[in-house]
Amino acid sequence: MERKWDPRLDELGARLEAPEHAEYRLVEARWVGPNEAGDKRLIYVRVLDPTGAPVEGHPFRITDGGVRIERTKSGGFDQFWGNYPMFAAGPYAVDIPDATSDRITHLPTGVKGNPHANTCYYLVFQRGADITPPVPTPEPPPIPTPEPPPVSPEPALPPRLDEATRQQLLNLLDQAQAELEAARKLLEAL
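Description of the structure in this document. (Residues numbered from 1 in each chain as written. Predicted model: local features only at pLDDT ≥ 70, side-chain atom pairs only at ≥ 80, totals over all residues. Heavy atoms only, no water.)

### Observations concerning the pattern of salt bridges
Pairing between side chains of opposite charge can happen when the charged atoms of each approach one another. Worth spelling out the cut-off: Note on definitions: salt bridges are taken to be side-chain nitrogens of Lys or Arg within 4 Å of carboxyl oxygens of Asp or Glu. Secondary structure elements follow DSSP: runs of H or I of four or more residues count as helices, runs of E of two or more count as strands, with numbering from the N terminus. With a 1.4 Å probe rolled over the protein chains alone, any residue whose accessible area is under 20% of its type maximum counts as buried; one over 50% counts as exposed, and the rest are partly exposed.
For the structure on display, the rule yields nine salt bridges. In this structure, Arg-25 engages Asp-102 in a salt bridge whose closest nitrogen and oxygen atoms are separated by 2.7 Å. Of the two residues, Arg-25 is situated in strand S3 (residues 24–32) and Asp-102 in the loop between strand S8 (92–95) and strand S9 (103–107); the sequence distance between them amounts to 77 residues. Judged by its relative accessible area of 10%, Arg-25 falls in the buried class. On the accessibility criterion, Asp-102 (0% relative accessible area) is buried. With its nearest N and O atoms 3.9 Å apart, the salt bridge here joins Glu-28 to Arg-30. Here Glu-28 falls in the partly exposed class, since its relative accessible area comes to 24%. Several salt bridges converge on common partners, so that one network encompasses Arg-3, Arg-25 and Asp-102.

The following block contains the structure:
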C-alpha cells in the first residue's frame, strides 16, 4: 500500500521517521487548516489492525516537550479516533509506544504567521502494513539545446590590385563593351 501523505505537511515542516522494520506504519497523515478545523485544535489518531479494522483503546504517544500516552476511543460518536488538544506551542510528535513504530515529528500548531489558528492533524497507524515507496515520477528528458547555425565565413575580399593591372582590366572591360555594342548593332540591322 502507498502511504497517504498530505503535501501541506511538508510545507509546515513535518517529518516522518520510518524505521526499516516497524511494526506500526503511518499509513495516512492529513492536515486540516483553519477553514476546515472550525473551533478545534486537535491531533486525531486512529490505529488499525493488520486487516485494516480500527482498534478501540489502543495507546498512542504524544510528545510536545513532555510525553503523554492517550488511547483511541470507541466506535460510536468518536469513530475510533483518539484525540489530543494542542494547547502547548509544540512542535508535536506522534508514534505508537512500546513497539517499533513510524513517528511523525515537527507538527506545529496553527499556521505560519499565526500559531494560534485552529488546525488539526489526522494520523492513521496500521499494524503490519506494508508501505511501498512512491514510484518516482520520471524526469522528462532534457530539451536539447538547438545548435546555432554554423557561421559562414565572411567572404574574403579580393586582393588589392596594383594600379597598372587595374588600368589594364578597365581597358579590357571597355573594349569588351564596345565589341558588344557593335554586335548588337549588327543584329538589329539584320
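### A word on the side chain of Arg-25
Threshold: Distance and chemistry together define a polar contact, namely a pair of N or O atoms within 3.5 Å, with one atom able to donate a hydrogen and the other to accept it when in protein, and with adjacent residues in sequence counting only for side-chain atoms on both sides. Contacts were defined at the residue level, with two residues in contact if any of their heavy atoms lie within 4.5 Å.
Among the polar contacts made by the side chain of Arg-25, one reaches the side chain of Asp-102 at a distance of 2.7 Å. Apart from the residues within four sequence positions on either side, Arg-25 is in contact with Arg-3, Ala-18, Pro-19, Glu-20, Asp-102, Val-124, Phe-125, Gln-126, Ala-129 and Ile-131.

### Notes on unusual backbone geometry
At Gln-79, a position not held by glycine, the phi torsion is positive, near 55 degrees. Looking at where Gln-79 falls in the secondary structure, it is placed in the loop between strand S6 (67–71) and strand S7 (82–85). We note that Phe-80 has phi near 70 degrees; this positive angle belongs to a residue other than glycine. Of note, Phe-80 is situated in the loop between S6 and S7. With a relative accessible area of 21%, Phe-80 lands in the partly exposed category.

### Considering the packing of aromatic side chains
To describe a pair of aromatic rings, one takes the distance between the centres and the angle between the planes. What counts, and what does not: Working definition: rings of Phe, Tyr and Trp (its six-membered ring) pair if their centres are within 6.5 Å, and the pair is stacked with planes under 30 degrees apart, edge-to-face with planes over 60 apart, and tilted otherwise.
Taken as a whole and judged by the stated rule, the model has four aromatic pairs. Between Trp-81 and Tyr-122, the ring centres sit 5.4 Å apart and the planes meet at 90 degrees, which makes this aromatic pair edge-to-face. Note that Trp-81 is positioned in the loop between S6 and S7 and Tyr-122 in strand S10 (residues 120–127), a separation of 41 residues in sequence. For the pair Trp-81 and Tyr-122, one class covers both residues: buried. Where Tyr-84 meets Tyr-92, the ring centres are 6.3 Å apart and the plane angle is 70 degrees; that geometry is what we call edge-to-face.

What is shown is where atoms sit, not what they do.
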